[in-house]
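# Examining the three-dimensional arrangement
These are the residues of each chain, in order.
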There are 2 protein chains.
Amino acid sequence: MARKKRNKVNPDAVVRQLMNIVGEREVLYLKEDLISYECDGYTMTKGMPKAVVFVKNTEHVSQVVRCLNRERIPYIARGAGTGLSGGATPLGGEVIISLVRMKRMLHLDLDNRKAVIEPGFVNLKLTQSISDKGYYYAPDPSSQYACTIGGNVAENSGGAHCLKYGVTTNHILGLEIVLPNGEVVEIGEDGIPDQPGYDLLGLLTGSEGTLGIVTKITVKVLKNPEGKKTVLAYYDDINDASQAVSEIIAAGIIPAALEMMDSIAIEGVESAAYPVGHPLDIAAFLLIEVDGIAAGIDDQIDEILTVCKHNNVREVKVAKDEAERGLWWANRKMGFGAMGAISPDYLVQDGVIPRTRLPEVLIRIAEISKKYDLRIANIFHAGDGNLHPLILFDARIPGESERAAKAGSECLKVCADVGGSITGEHGVGIEKSAEMRFIFSDEEMAAQTNIRAVFNPDDLLNPGKLFPQPGRCVEVKQG
Amino acid sequence: MARKKRNKVNPDAVVRQLMNIVGEREVLYLKEDLISYECDGYTMTKGMPKAVVFVKNTEHVSQVVRCLNRERIPYIARGAGTGLSGGATPLGGEVIISLVRMKRMLHLDLDNRKAVIEPGFVNLKLTQSISDKGYYYAPDPSSQYACTIGGNVAENSGGAHCLKYGVTTNHILGLEIVLPNGEVVEIGEDGIPDQPGYDLLGLLTGSEGTLGIVTKITVKVLKNPEGKKTVLAYYDDINDASQAVSEIIAAGIIPAALEMMDSIAIEGVESAAYPVGHPLDIAAFLLIEVDGIAAGIDDQIDEILTVCKHNNVREVKVAKDEAERGLWWANRKMGFGAMGAISPDYLVQDGVIPRTRLPEVLIRIAEISKKYDLRIANIFHAGDGNLHPLILFDARIPGESERAAKAGSECLKVCADVGGSITGEHGVGIEKSAEMRFIFSDEEMAAQTNIRAVFNPDDLLNPGKLFPQPGRCVEVKQG
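Scoring rules and cut-offs
- Residues numbered from 1 in each chain as written.
- Chains lettered and ligands numbered in written order.
- Predicted model: local features only at pLDDT ≥ 70, side-chain atom pairs only at ≥ 80, totals over all residues.
- Heavy atoms only, no water.
- UniProt positions renumbered as here; feature names shortened; annotations may be inferred.
- pLDDT = per-residue confidence, 0-100.
- Contact = heavy atoms within 4.5 Å.
- Least-squares fit on C-alpha atoms with pLDDT ≥ 70 in both.
- Buried area = accessible area lost by both parts, 1.4 Å probe.
- Polar contact = N/O pair within 3.5 Å; in protein donor to acceptor, adjacent residues only side chain to side chain.
- Helix = DSSP H or I, 4+ residues; strand = E, 2+ residues; numbered from the N terminus.
- Nonpolar A, V, L, I, M, F, W, Y, C, P; charged D, E, K, R; others polar.
- Pairing = 2+ DSSP bridges.
- Axes fitted to C-alpha atoms, helices over the stretch in contact; angles between N-to-C directions.

Going by what an unreviewed UniProt entry lists, chain A is known as FAD-binding protein and is assigned to Virgibacillus oceani. Within the UniProt record for chain A, the comment given under Cofactor (unreviewed entry) is "FAD".

Structure representation (structure tokens):
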């Protein structure tokens, strides 16, 4: 029956050209098929694409791009669509180039610790496919079971373990890119410490799909650490937890992860799929993981326990086995999703602050919560100052979505004001393009948009992302 | 007397304008004063600048740049002049903007592990000024006693310890830059894991002074490791040494440094200021340093000793104290300079190869040595595949400089052919601009020169560097 309906709308000339490149079945163009491509994981803004094209190889991407250039039709590369800032969300009328069928591992070279994969390769699958040989891929966004490494490159994704191991850009050795003129270029390769010429690898990584489309990725893989231990510490006062974070870092320990959750966030994760039994009356917990050479770990754990106790911890414990450690992490990684258990809707924010400013930032976020009459939970990659306020709201109540968006923007302003930034790991996308003005001057913005113009002179590749749109300001952003 | 001579030549209108900005005594313009600015540490190419201006602050730099733009006069930023690829060498007629008087530390924030310095701050002085508090700055080029951190940013300098700690770009948190239009912009700041917008910090770092002039630098400082141990291993066969390197890395150990020197290089360092008493009949030695949490170090040292022995080491030992360790490093760091003790002249090359290809690369370098009848020593940051062939020659013998340059270029071709690169840490500069063609296609080069055009549209800032000059090819490079 669905098939019958489909036959009623004929593909237009552009869609037919795309079908000639990738095959008839590999292009979606009916409205009913396009609805799930109206947005990515950031659902506050939506736009209807013109079509979705499933490419299978670099040549497909190059031909599709050349075709769309000729036709002056804008286009967007998309991975799994798990992004949290609308980087893959259409303004309306774009062709989406879906990279999910480019998901092969092309080459694995454990001697030189690298793998070459296509952009649609799922993050977690990489670690799974090499773990039996004792290796893993470090960047671990919470969406790692679904997100693609191509998307991770676009957003320069982080994860709970980026404190010690760095974000995606620290794990990319080379890229093959289709430029907006359809040319294919290779950048990087072989983990050369100081690549000659300009650092295009760094420039493309995190460019949010506005400079080119990644078609091949060479990533670093790491040897599994010899040992790993995890500490959970419950605090009655968030300032004590915060002070403990500073003291752990000051002691010269770089934990693999150093996470904090406040009481509302804990209420969420305890209502979700993996409850741990965290006390619901604490102000915050810290989840601290240390890894490395086995012999060094116990000393570090002892030091961490001492710091925690010294800072009035209510209770502190070390995971007794891998099962307990796994449960603690599953619970933590539910953090965002768990908000669904305690609120009809929620908006994830993503700011960065100097670690030492956390107590005052939390006070200001509490004020914002009060001002807009919305609960705000806080999940914090405390080690590197990456704060995720989660603004809880109910989209069915008129005006509440707008209030949530404004509260979110104000949280980012607070982060910028204390010398931080408006995104730690989720990117700017559509969501925060206006907030770029919180941290960049006109000259600084021009230096960036001029670079976009070099790669993407007609702005056909992912238009309207990353930079403020003329005539659009923060106040009317969600209006 | 010198003063009298000086009065004979009057400054021209441009020099007078520069004097008005920085003060009369802060501009050199007489030929006799300019001679030491004809080249940097790469002495094969020289050019006479028009003048040298000593700036004291960002405003000076901005005004000087605006003045030179108006007058259409090219200019070059220069630190200590220790660069090894001619990045600060004039083609002829440029104004050199010397940053050596901008050498203050502006801010030190050990709680957040960062320091803000001016570009003329000397590398080693940073570590010296914080070591009593238990901190250090990681990138350690061999010239660290003299080179400036501004120059390190321009060249993205490495050092013996970059295997574990990364090169300069991994230690820069923020930059203040004067763009070629005279505007001052701030990029980065606060060690945000994923800075919003494009990674300009990465783009500027290592851009060899072609995109802007750095006037302020925020660097990461690190806590001193709790412990440190150093191993010296002598080998009769360089293939055994090479295999040991691979096995150490494969064992999951990331040493702080993993250096190799061949027999000619050893002959050099044993003839120089800090002889250790290395046997002169070995094929190579490895110098391996492990640092970190004290408890983990002994295990790693045991494993390294086992790997060395398993690979037919002649003798292997652990430094018995800090004095012995210091001597081994002083000896190693003399590597380049020591060539002066065994040859009238030498040319340092700087290639990168996949670690596992070392044995065949050394065979091909030996063939190049034979072909050009010049001795070639090899110093190798073995851990990250950064090879420094040192071509020994005598510039007084007609044609020998040219032969050395050709031999150097062929060594780089070998590196590129095995999938490596033409520079690991010294940059491209004037020296290797033609060899960029060994590794970049026309499209890839265009992507880079287009970026230069965005920042530096009139090519007045450091012209003739980094990219091949039209009509100039490798063969005639030194002709």
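Now that the structure has been shown, we can carry on.
The predicted model of chain A averages 91 in pLDDT, with 95% of residues at 70 or higher. Below pLDDT 50 for its whole length, residues 471-479 of chain A participates in 16 contacts with residues either more than four positions away or in separate chains.

This part covers the relation of the copies chain B and chain A. Here the second copy of the chain follows from the first by a rotation about an axis and a shift along it. The transformation that overlays chain B on chain A combines an axial shift of 0.0 Å with a rotation of 180°, and the residual RMSD is 0.1 Å. On this basis, the relationship between the two copies can be described by a two-fold rotation axis. Using C-alpha coordinates, one finds that chain B approaches the rotation axis most closely at Gly296 of chain B, a distance of 2.2 Å. In this assembly, 98% of the residues forming the interface of chain B have copies in chain A that are likewise at the interface, indicating an isologous arrangement.

The subject of this paragraph is the interface of chain B and chain A. Taken together, the contacts link 65 residues of chain B with 64 residues of chain A. Taking both partners together, chain B and chain A bury about 5,100 Å²; carbon and sulfur atoms supply 60% of that area. Along the contact surface separating chain B from chain A lie twelve residue pairs in polar contact (both at pLDDT 80 or more). Secondary-structure elements contributing two or more residues to the side of chain B that touches chain A are strand E9 (184-188), helix H8 (200-204), helix H9 (238-250), helix H11 (294-310) and helix H16 (442-455) of chain B. For the side of chain B that touches chain A, the residue count by class is 28 nonpolar, 21 polar and 16 charged.

Hydrogen bonds along the backbone pair up the strands of a sheet, which may run parallel or antiparallel. Residue and element names in this part refer to chain A. Overall, antiparallel pairing links the five strands, which are arranged E5-E6-E10-E8-E9 in an open sheet. Because the sheet does not close on itself, it has two edges, and the strands there are strand E5 (105-109) and strand E9 (184-188). The average angle at which neighbouring strand axes cross in this sheet is 10°, direction not considered. As judged from the five bridges shared by strand E8 (residues 172-178) and E9, these two strands associate in the antiparallel manner. When the sheet's bridge partners are listed, Gly174 is paired in E9 with Gly188. Across the face of the sheet, helix H4 (residues 58-71) comes into contact with E8, E9 and strand E10 (213-220) while running at roughly 45° to E8.

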